[in-house]
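Letter by letter, the chains look like this.
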Amino acid sequence: FASVASRRRLRRVMRNVRLQFDAEVTEMKDLVFRLIGDPSIRWIIGYAWAIIVGGILTHWLVPALRRGIPRGPQPDSGFPPGPWTVGLFEQVFFTTAVAFELQGAIVAMFIWMTAKMVAHWNAEINTLNIVPMRLSALLGNLSSLFFALTGGLICNGKVWAAIAA
């Protein structure tokens, strides 16, 4: 008999805990969507996504793709800004262009990627396997511009509108 009463009491307690948990989750979800609805928070998240997450993952992707590709000695290009500097400027520029929904932003991204590929076409002349090196550079550019595109969509609220719907 005591076990039946204790089971009922346990069920009541568990139901109350579940109801309290559901209420807290709903409250937390409302808070998150209210914060995300604030444009300044969206812009911070969008730029953090594009610059920090995109920069780190792109910086990891290119060497991972190039691992195992035999390369000869590489000449110093003498060009001061490194890939991080160029990547930072392209991500800031294109994230802003997409966020403000500038007409032709996507086309400009592909023109930029083409210009970068053409400008560095003979940069690694001592590379034994030039095709895999070019492909890894192309995938690195696509990765960087993908994060700029999605960061811009986060900034202008299109991502949050799709999540909230």
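The structure reproduced in this document is the subject of the present report.

## Looking at the side chain of Glu-90
Thinking step 1. Looking at the element boundaries, Glu-90 is found in helix H3 (residues 83-99).
Thinking step 2. Reaching out from Glu-90, the side chain makes a polar contact with the side chain of Ser-144 at a distance of 2.6 Å.
Thinking step 3. Excluding residues that lie within four positions of it along the chain, Glu-90 makes contacts with Trp-112, Lys-116, Ser-144 and Leu-145.

## Focus: helix H5 (residues 130-155)
Thinking step 1. Helix length check: H5 (26 residues) gives 37 Å between terminal C-alpha atoms against 38 Å at 1.5 Å per residue, within 8%.
Thinking step 2. Taken from the residues just after H5, Gly-157 is the one with a positive phi, measuring 90°.

## Let's talk about the packing of helix H4 (residues 105-119) against H5
Thinking step 1. For the pair H4 and H5, the least separation of the axes is 11 Å and the interaxial angle reads 150°. Relative to H5, the element H4 is oriented roughly antiparallel. In terms of crossing hand, the pair formed by H4 and H5 is right-handed. Residue-level contacts link Ile-106, Met-109, Phe-110, Trp-112, Met-113, Lys-116 and Met-117 of H4 to Arg-134, Ala-137, Leu-138, Asn-141, Leu-142, Leu-145, Ala-148 and Leu-149 of H5.

What counts, and where the lines are drawn
- Residues numbered from 1 in each chain as written.
- Predicted model: local features only at pLDDT ≥ 70, side-chain atom pairs only at ≥ 80, totals over all residues.
- Heavy atoms only, no water.
- Helix = DSSP H or I, 4+ residues; strand = E, 2+ residues; numbered from the N terminus.
- Polar contact = N/O pair within 3.5 Å; in protein donor to acceptor, adjacent residues only side chain to side chain.
- Contact = heavy atoms within 4.5 Å.
- Expected span 1.5 Å × (residues − 1).
- Axes fitted to C-alpha atoms, helices over the stretch in contact; angles between N-to-C directions.
- Parallel < 35°, antiparallel > 145°, perpendicular 65-115°, else oblique.
- Left-handed = near helix turned anticlockwise from the far one by under 90°.

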